[in-house]
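Below are the chains, spelled out letter by letter.
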Amino acid sequence: MMKFLQAQSRGPGRLRPRGQAMILGVVTLLVLALVVFITINVTVSVQQKIRLQNYADAKAFSLAVAEARALNHFAYTNRAIASAYVGMANVHAYMSEAAMLADLKLSAAGVMGQIAAQENALCYCCCSPFGCAPCCFTHCIHAFEAGINAAGLTIDWISGKMGQRIRQLDQPAQNLMRALDAHVTLLSASQTAVRVGVTATLTSGSLGTLKKDNMQKAESVTTDETLVNAFNVAQWNRIFYSNTQLKRRIMAETVNASRQDFAWNRKGSPAIQAVLFPQLNQIVKAQLWIGPRGNWLVSQVPDTGFMAGGRTGATDGNFPGQAGGTVFAARDSAASTTQGQSMSSYDWGTLTGQWRDGAGVGPLPAFGPAGPGELVTGNSARHRADLGIMDFFNRPHTGGQHTSPQMRMERFTEFNIGTSAPYNQPAVFAAVTTDGRVNEYGIRGPYEVAKNGSGTVRVKNVGSQDAVLTLSNNSPMHAFSKAQVYYHRIGDWSDYPNLFNPYWRAKLHPLTQTDLMSLGSVDADAAAVVTGASAVPNGGGKGVNIQ
């Protein structure tokens, strides 16, 4: 019986369970190992993606900051250039004002002639059908003195002493004009150098150690996509105004709006005369003079039309000593129509004098270029070409032989504002690529599942076909970023972008549908993903920052 039971227990239907747990354990361990390796690989991939995106953002933002700083440099230097032009225009305007006084003695002689006639009339106050007889010998004496004074002033004018005194201002004025012109030239050269430097940086896309600082030892497998560099350069170059003629008008308007009214259109006269001519009474006195000095005043009416006062304007003519165009046509034109190649003055005023019991008014200038007072100082120093009789009445005056340079008012950098958003404010793009399987130490660690480095594991004869396991980051990893250079004057959103106020800034900015075209030329796959994600309905595209 016992033997039967033992035989039954050892029968073929009761096999002992040996080795099955071991097989399941091996498979489980293999799966766990793969999960661990894949988890580590995904972790490295995510870290590398974050690092790569940070680098793309840093690069785009840094390039935008370089552009913003350059634009602020243009704004500061434009202000300095405009200030130099204001100085040049003011020198020109006040030299014109001074040269107008070359005929001061002749105008004063005319005034004294009028006073002599008035005194003479007071002297012969007793008249009858047979004639007039003197009745107030004091006025007769005054009339004689006024005649002597008129003769003395005429002699002084013929001698050209006033013109000689004015001519002494020529050389200092020329030196100042040349110094200001050299200052503008250097500032303009610095703007050109900055613009070329930024263009070179955008073309190369290199920013020192920025890649190494962000990618660490993975720098060797990280490349910058050069296709976006052309977009950046194009965005940069299109913001600058290249119309020379209009640039001259812009600077002319800026200069005339910046300087004092009297230098621009002679407003403020005669109150300004107390500053310009504090010793006018002494200046009018001739070498041959009898009696008190009198009271004298130079008056210039602000320009309101032809022959109505004085004006310093921007014209299409040249500066002193050079062949010029016709400024007469632009004399009464609006500032927006001027070409800004030079600044010329048109001075016309009056000299009012009160002496003894009489008063009179004389024109300034009396003869201008035709008078000895100016001929002594050098008639060749014209502000413009000879216009014949129009020169006689309405020509800018000069104190002598100027050889000052042209102002050439196009020597500055102007912003070419667009007509719609973002109004030509430049955008900057950055596209970078790296090997997502390389960690920050620049190596592929022991977590790789394929010894040959292919990123793919193939198991043969699994069912009817081979089993293939490929890493998700086996393809190159891309990152794309955009930054916007923008103008914002704090507290004033209405101030439009320009290069005279240093309020340019930079920021990272969402992509627009137009930018996707740029992205597509760099990485078609990334463009397809972004475009598809942004088009998902019901808010599915919220994870993609598209404006």
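Check the entry above for the structure.
Below: a short report on this structure. (Residues numbered from 1 in each chain as written. Predicted model: local features only at pLDDT ≥ 70, side-chain atom pairs only at ≥ 80, totals over all residues. Heavy atoms only, no water.)

## Details of the overall build of the chain
Helices and strands together make up the secondary structure of the chain, namely 16 helices and 13 strands. Counting only residues that meet the buried cut, the chain has 45% of its 547 residues in that class. Taking as baseline every contact in the chain between residues at least 6 positions apart, the subset at least 24 positions apart corresponds to 77%. Surface exposure of the chain reaches about 27100 Å², of which carbon and sulfur atoms provide 60%. (Helix = DSSP H or I, 4+ residues; strand = E, 2+ residues; numbered from the N terminus. Buried < 20%, exposed > 50% of the residue type's maximum accessible area, 1.4 Å probe, protein only. Contact = heavy atoms within 4.5 Å. Areas by Shrake-Rupley, 256 points an atom, 1.4 Å probe, with all protein chains shown as cover.)

## Some thoughts on the pairing of strand 7 (residues 349–355)
Taken residue by residue, a regular strand's side chains alternate between the two faces of the sheet. Burial along strand 7 is one-sided: G349, L351, G353 and W355 are buried, and none of T350, T352 and Q354, which face the opposite way, are. Sheet analysis places strand 4 (residues 295–299) next to strand 7, joined by five bridges and oriented antiparallel. Bridge pairing in strand 7 places L297 opposite T352. In this sheet, strand 8 (residues 358–364) lies alongside strand 7 in antiparallel orientation, the contact comprising seven bridges. Paired with W355 across the two strands is G358, which belongs to strand 8. Between strand 7 and the antiparallel strand that follows it, strand 8, lie two residues; R356 among them carries a positive phi value of about 55°. (Pairing = 2+ DSSP bridges.)

## As for the environment of S188
Its place among the elements puts S188 in helix 6 (residues 170–204). On the basis of relative accessible area, S188 is assigned to the buried category, the value being 17%. In this structure the C-alpha to C-alpha distance between S188 and I81, which are 107 residues apart in sequence, comes to 7.9 Å. Contact partners of S188, with chain neighbours within four places excluded, come to I81 and R411.

## Topic: the pattern of salt bridges
Applying the stated criterion across every chain, the model contains six salt bridges. Close ionic contact of D224 with K59 constitutes a salt bridge, the shortest N to O distance being 2.9 Å. Here K59 lies in helix 2 (residues 20–100) and D224 lies in strand 3 (residues 223–224), a separation of 165 residues in the sequence. Measuring nitrogen to oxygen at the nearest pair gives 3.9 Å for the salt bridge that ties D156 to K105. One end of the pair, D156, is in helix 4 (residues 137–159); the other, K105, is in helix 3 (residues 104–123), and 51 residues separate them in sequence. (Salt bridge = Lys/Arg side-chain N within 4 Å of Asp/Glu carboxyl O.)

## Here we look at the sheet that holds strand 3
Pairing in this open sheet of four strands is antiparallel, and the strands run 3-9-12-13 from one edge to the other. Edge positions in the open sheet fall to strand 3 and strand 13 (504–508), since each of these has one partner strand only. Bridge analysis of strand 9 (residues 427–434) against strand 12 (residues 477–487) gives eight bridges, and the strand direction is antiparallel. Following the sheet pairing, F429 is matched in strand 12 by K482. Each of strand 3, strand 9, strand 12 and strand 13 touches helix 2; the most contacted strand, strand 12, lies at about 25° to it. (Axes fitted to C-alpha atoms, helices over the stretch in contact; angles between N-to-C directions.)

## Side note on the sheet that holds strand 8
On the basis of which strands lie adjacent, the open sheet formed by three strands has the order 4-7-8 and antiparallel pairing. Bordering the open sheet on either side are strand 4 and strand 8, each of which pairs with just one other strand. The sheet shows a mean angle of 15° between the axes of neighbouring strands, direction not considered.

## Notes on the nonpolar core
Grouped together as the largest cluster of nonpolar side chains are 26 residues, with contacts concentrated most on L104, M112, L153, L280, W296 and L351. Breaking this core down by element, the ones donating at least two residues are helix 2, helix 3, helix 4, helix 5 (161–167), helix 12 (280–284), strand 4 and strand 7. The element that contributes the greatest number of residues to this core is helix 3, accounting for seven residues. Ignoring sequence-local partners within four residues, the contact set of W296 consists of A108, V111, M112, L280, N281, V284, W289, L351, T352 and G353. (Core = buried A, V, L, I, M, F, W, Y, C linked by side-chain atoms within 4.5 Å.)

## Examining the side chain of K59
The exposure class assigned to K59 is buried, which follows from its relative accessible area of 2%. Beyond its immediate chain neighbours, meaning those up to four positions away, K59 contacts G205, L207, L210, D224 and A430.

## What to know about helix 6
With 35 residues, helix 6 extends 51 Å from end C-alpha to end C-alpha; this agrees with the ideal 51 Å at 1.5 Å per step. Looking one or two residues past helix 6, G205 carries a phi angle of roughly 70°, positive in sign. (Expected span 1.5 Å × (residues − 1).)

## Some words on the environment of R293
Within the secondary structure, R293 sits in the loop between helix 12 and strand 4. Assessed through its relative accessible area of 41%, R293 is described here as partly exposed. Setting aside chain neighbours within four positions, we find R293 in contact with N281, Q282, K285 and W355.

## A look at the packing of helix 2 against helix 6
With their axes 10 Å apart at the nearest point, helix 2 and helix 6 run at an angle of 165° to one another. Comparing their axes, helix 6 and helix 2 come out roughly antiparallel. Handedness of the helix 2/helix 6 crossing: left-handed. Each residue belonging to the contact of helix 2 with helix 6 can be placed in one class, and the counts come to 20 nonpolar, nine polar and four charged. (Parallel < 35°, antiparallel > 145°, perpendicular 65-115°, else oblique. Left-handed = near helix turned anticlockwise from the far one by under 90°. Nonpolar A, V, L, I, M, F, W, Y, C, P; charged D, E, K, R; others polar.)

## Considerations on a nonpolar patch on the surface
Together, I23, V27, V31 and V35 make up a nonpolar patch on the protein surface, roughly 350 Å² of accessible area in all. Locating V31 in the fold gives a position in helix 2. (Patch = residues over 30% accessible without salt bridge, like charges linked within 9 Å, V, L, I, M, F, W, Y side chains within 5 Å.)

## With respect to the packing of aromatic side chains
Here the structure, examined in full by the defined rule, presents seven aromatic pairs. Arranged with centres 5.9 Å apart and planes meeting at 45°, the rings of F412 and F500 form a pair that is tilted. In this pair, F412 sits in the loop between helix 14 (389–394) and strand 9 while F500 sits in the loop between strand 12 and strand 13, placing the two residues 88 residues apart along the sequence. For the pair shown, F412 and F500 are each scored as buried. Each member of the aromatic cluster is reached from another via a ring pair, and the members are F415, Y487, Y503 and W504. Lying over the aromatic face of F412, K247 brings its terminal NZ or CZ to 5.2 Å of the ring centre. The ring of Y486 carries the charged tip of K507 above its face, separated from the ring centre by 5.0 Å. (Phe/Tyr/Trp six-rings, centres within 6.5 Å; stacked < 30°, edge-to-face > 60°. Lys NZ or Arg CZ within 6 Å of the ring centre and 35° of its normal.)

None of this, on its own, says anything about what the molecule does.
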